Amino acid sequence: MAAEILTVAQMYAADRAAMAAGISGPTLMEAAGRAVARAVRSLSPDGPVPVTILCGPGNNGGDGFVAARHLRAAGWPVRVGLLGEKSALAGDAGWAAAAWAGPVLPATVRLLDGAGIIVDALFGAGLNRPVGGVALDLIMAMAGTGKPIVAVDVPSGINGDDGTVRGGAAPATITVGFFRPKPAHYLYPGRGLCGRVEIADIGIPDAVVNDMDVDILINGPSVWGRALPRRAATDHKYHRGHALVLGGTIMTGAARLAARAALRMGAGLVTVACAPSAHMTYSLSMPSLIVQPIDDAGGFDALLSDTRRNAVLLGPGAGSGPLLRKVTLSALAANRAGVLDADIFTCFAGDLASLRRAGLNGDWIMTPHEGEFRRLFGDLPGSRAERARRAASDSGAILVMKGPDTLIVHPDGRMRINHNAPPCLATAGSGDVLAGMILGLLAQGMGAFDAAAAGVWWHGEAGRRCGAGLIAEDLTEIIPAIRRDILF
Ligand SMILES: NC(=O)C1=CN([C@@H]2O[C@H](COP(=O)(O)OP(=O)(O)OC[C@H]3O[C@@H](n4cnc5c(N)ncnc54)[C@H](OP(=O)(O)O)[C@@H]3O)[C@@H](O)[C@H]2O)[C@H](O)CC1
Ligand SMILES: [K+]
């Protein structure tokens, strides 16, 4: 599957490009409506059930009329309700309505009575304000029926570009999108309301994407697989990087999990720098770990003076005191790649400026969840994706905004949306493993944007393979099996 996600504006541009290439609007709409009818039929394999199709005043409604025609031709009982006047339908939607030979009723809540399946064709890409009035009543009534809903393009009321709900939206069983997915198919809350997303080929040539500046991708191995570090028979451990992790004194599990994850991802060596009192804890936890006691930030600087220590992880379990602050500022100044996580966001709450002044740049990755994000960046306006983009741009670093739809954002605005994380990943230590996984890739010289994206996907895949009941320790152990499947 192509990894591109197209914005609403890009989708309209793809439409226009297809038409310029000689594919007519009705041809596209015919294919779109046929795909919707197919989705409806898939919901009732035992045969026809009554279908109510609610059509809006634009081309989303046009797709609904085409679906109605195909279902009726296949012997399905169909009722069509239109929001607005049939005579007002223009362009392709007018064509589709004219080709529908059955009655067109006013769209009312009553039309839903007795429906076995509902098609939501009220609004798609053209939604331009919050839904209200009759449209909202219809959406709420659809949601209240409990019947399967097939949404055309997006559930009506969802903003295609950011997945936000504008007024209200009914949860679909299947959402049929066209040509390429939109952000709303992957971003919550839209993603949660789309049900199963099926992207139909409606005849738009793939090549139209080449002329577009597509900057949103579905995160997966096709995006970064070629950038993964490969092993050569002549490698020695220093070829594979030396990661440095600041270990805390009390919450030692965080750095231990991260260090183990970095080793499992292939880092040649991993050193944990910690207070002398914690030395034993780290040393006994893993024989393959190098443990260096440090008395203060100067001790960390001394470790950094060895340039072979090329990637740094700061934050997990580190405590948000002066040591973390000093170490972070000097690591940023030391021209390394690294990951900033966890206690960093408390330590530098509201103080992005200090991180920037110290040298934060695109070799660094920040991995906040929503609460941590707010601590560092404050209450930025806009959708989650807009806020993440703004934060990446303001910080100059790669931003990994963690959540069920983790966003990996480059300061230049490119964004990868992750979609493979199962709910069981929300467990203690899981974030520390993620930070360590990314660190392991950075140590091997992978670029920060790709390392962040690969780490996030790999972590999701590890969660999927371990399944319900996983603990963070399980994630590190399944890393090599995933590597084998990606690389061979
Ligand atoms: N390549 C493709 O993706 C194809 C997509 N198709 C389908 O076309 C729609 C997009 O069609 P469009 O006509 O541009 O837009 P919509 O049908 O989604 O909506 C526009 C009409 O809805 C009115 N509107 C918008 N928001 C509201 C609201 N909140 N409340 C009430 N009415 C609203 C708008 O009215 P105005 O007053 O603003 O004029 C329009 O009348 C896409 O989603 C696909 O389903 C093609 O079929 C094939 C190619
Ligand atoms: K819709």
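Some words on the overall build of the chain
Next up, step 1: Along its length, the chain carries 18 helices and 17 strands.
Next up, step 2: Overall size of the chain, expressed as C-alpha extent along the three principal axes, is 80 × 45 × 45 Å.
Next up, step 3: Taking all 488 residues of the chain together, 56% fall into the buried category.

Let's talk about the side chain of Lys-402
Next up, step 1: Among the structural elements, Lys-402 can be located in the loop between strand S15 (398–401) and strand S16 (407–409).
Next up, step 2: Apart from the residues within four sequence positions on either side, Lys-402 is in contact with Asp-341, Thr-367, Pro-368, His-369, Glu-370, Arg-384, Gly-431 and Leu-434.

Digging into the pairing of S15
Next up, step 1: Residues Ile-398 and Val-400 point to one face of S15 and Leu-399 and Met-401 to the other, with burial holding for every one of them.
Next up, step 2: Of the strand pairs in this sheet, strand S14 (residues 364–366) and S15 are connected by two bridges, and their pairing is parallel. Its bridge partner lying in S15, Met-366 is registered against Leu-399.
Next up, step 3: By the bridge criterion, three bridges tie S15 to S16 in an arrangement that is antiparallel. Counterpart to Leu-399 in the pairing with S16 is Val-409.

Quick notes on the site of ligand 1
Next up, step 1: Lining the immediate environment of ligand 1, one finds 23 residues, of which Tyr-12, Asp-63, Gly-124, Asn-128 and Asp-153 sit closest.
Next up, step 2: Note that an oxygen atom of ligand 1 is positioned 2.6 Å from one of the backbone N or O atoms of Gly-124.
Next up, step 3: Of all the secondary-structure elements, those providing two or more residues to the shell around ligand 1 are helix H1 (8–20) and helix H3 (59–73).
Next up, step 4: Per-class residue counts for the shell around ligand 1 are 13 nonpolar, six polar and four charged.

With respect to the environment of Ile-365
Next up, step 1: Tracing the backbone shows Ile-365 in strand S14.
Next up, step 2: Along the backbone, Ile-365 and Pro-130 are 235 residues apart, and their C-alpha atoms lie at a distance of 36 Å.
Next up, step 3: Dropping the residues within four chain positions of it, Ile-365 is found in contact with Gly-338, Val-339, Leu-340, Ile-398, Val-400, Ile-438, Leu-442, Ala-448 and Ala-452.

As for the pattern of salt bridges
Note on pairing: side chains with opposite charge can pair once their charged atoms come close.
Next up, step 1: Under the criterion given, the structure shown has 23 salt bridges.
Next up, step 2: Across the pair Glu-30 and Arg-69 runs a salt bridge, and its minimum N-O distance is 2.7 Å. Of this pair, Glu-30 sits in helix H2 (residues 25–42) while Arg-69 is found in helix H3, placing the two residues 39 residues apart along the sequence.
Next up, step 3: Residue class for Arg-69 comes out partly exposed when judged on its relative accessible area of 21%.
Next up, step 4: A salt bridge links Arg-180 to Asp-206; the shortest N-O distance between them is 3.1 Å. Here Arg-180 is found in the loop between strand S6 (174–178) and helix H6 (190–194), whereas its partner Asp-206 is found in the loop between strand S7 (196–200) and strand S8 (216–218), with 26 residues between them in sequence.
Next up, step 5: By relative accessible area, which is 9% here, Arg-180 ends up buried.
Next up, step 6: Through salt bridges that share partners, Glu-370, Arg-374, Asp-379, Arg-384, Arg-387 and Asp-405 make up one connected network.

Digging into the coordination of the potassium ion (ligand 2)
Next up, step 1: Protein-derived coordination of the potassium ion (ligand 2) comes from Asn-60 (OD1), Asp-120 (O), Phe-123 (O), Val-152 (O), Val-154 (O) and Ser-156 (OG), at a distance range of 2.6 to 3.0 Å.
Next up, step 2: What the six donor atoms of the potassium ion (ligand 2) show is an angle range of 69 to 174 degrees at the metal, which sorts the shape as irregular.
Next up, step 3: Site description for the potassium ion (ligand 2): donor spacing in sequence, N-x59-D-x2-F-x28-V-x1-V-x1-S. In this structure, Val-152 and Ser-156 share a single accessibility class: buried.

Considering the sheet that holds strand S2 (residues 78–82)
Next up, step 1: Pairing is parallel across the open sheet formed by seven strands, whose spatial order is S3-S2-S1-S4-S5-S6-S7. Unpaired on one side and paired on the other, strand S3 (104–106) and S7 mark the two borders of the sheet. This sheet shows a mean twist of 25 degrees between the axes of neighbouring strands, independent of strand direction.
Next up, step 2: Relative to S3, S2 is paired through three bridges, and the arrangement is parallel.

Observations concerning the sheet that holds S16
Next up, step 1: Strand order in the open sheet formed by ten strands is S8-S17-S16-S15-S14-S13-S12-S9-S10-S11, and the pairing between neighbours is mixed. Two strands bound the open sheet, and with one partner strand each, they are S8 and strand S11 (290–293). Adjacent strand axes in the sheet meet at a mean angle of 20 degrees, parallel and antiparallel pairs treated alike.
Next up, step 2: Here four bridges tie strand S9 (residues 242–246) to strand S12 (residues 309–314), and the two strands are oriented parallel to one another. Across the sheet, the residue bridging to Leu-244 is Val-312, located in S12.

A word on the domain arrangement of the chain
Next up, step 1: When its domains are assigned, the chain resolves into domain 1 (8–212) and domain 2 (221–486).
Next up, step 2: Measuring from the centre of the C-alpha atoms in domain 1 to the corresponding centre in domain 2 gives 42 Å.
Next up, step 3: Listed per partner, the contact involves six residues of domain 1 and eight residues of domain 2.
Next up, step 4: When domain 1 packs against domain 2, close to 640 Å² is buried across both sides, 68% of that on carbon and sulfur atoms.
Next up, step 5: Our enumeration of links across domain 1 and domain 2 arrives at zero salt bridges.
Next up, step 6: Here the side of domain 1 that touches domain 2 is composed, by residue class, of three nonpolar, one polar and two charged.

Quick look at the nonpolar core
Next up, step 1: By size, the foremost hydrophobic cluster in this structure holds 60 residues, and its most contacted members are Val-270 and Leu-442.
Next up, step 2: In terms of residue count, helix H17 (residues 448–466) provides more of this core than any other element does, ten residues in total.
Next up, step 3: Residues within four places of Leu-442 in sequence aside, it is in contact with Asn-310, Ala-311, Ala-337, Gly-338, Val-339, Ile-365, Ala-448 and Ala-451.

Notes on the packing of helix H16 (residues 430–443) against H17
For any two helices packed against each other, the geometry is given by the interaxial angle and the distance between the axes.
Next up, step 1: Where H16 contacts H17, the two axes come as close as 8 Å, and the packing angle between them is 140 degrees. Comparing their axes, H17 and H16 come out oblique. Regarding H16 and H17, the two cross each other, and that crossing is right-handed. For the pair H16 and H17, contact is made by Ser-430, Val-433, Leu-434, Met-437, Ile-438, Leu-441 and Leu-442 and by Ala-448, Ala-451, Ala-452, Ala-454, Gly-455, Val-456, Trp-458 and His-459, respectively.
Next up, step 2: Of the residues belonging to the contact of H16 with H17, the class tally is twelve nonpolar, three polar and no charged.

Cut-offs and rules
- Residues numbered from 1 in each chain as written.
- Chains lettered and ligands numbered in written order.
- Predicted model: local features only at pLDDT ≥ 70, side-chain atom pairs only at ≥ 80, totals over all residues.
- Heavy atoms only, no water.
- Helix = DSSP H or I, 4+ residues; strand = E, 2+ residues; numbered from the N terminus.
- Buried < 20%, exposed > 50% of the residue type's maximum accessible area, 1.4 Å probe, protein only.
- Contact = heavy atoms within 4.5 Å.
- Pairing = 2+ DSSP bridges.
- Near = heavy atom within 4 Å.
- Polar contact = N/O pair within 3.5 Å; in protein donor to acceptor, adjacent residues only side chain to side chain.
- Nonpolar A, V, L, I, M, F, W, Y, C, P; charged D, E, K, R; others polar.
- Salt bridge = Lys/Arg side-chain N within 4 Å of Asp/Glu carboxyl O.
- Donors = N, O, S within 2.8 Å, 3.2 Å for Na, K, Ca; no water.
- Tetrahedral: all angles 85-135°; square planar, octahedral: opposite > 155°, others 65-115°.
- Axes fitted to C-alpha atoms, helices over the stretch in contact; angles between N-to-C directions.
- Domains from an automatic or database assignment.
- Buried area = accessible area lost by both parts, 1.4 Å probe.
- Core = buried A, V, L, I, M, F, W, Y, C linked by side-chain atoms within 4.5 Å.
- Parallel < 35°, antiparallel > 145°, perpendicular 65-115°, else oblique.
- Left-handed = near helix turned anticlockwise from the far one by under 90°.

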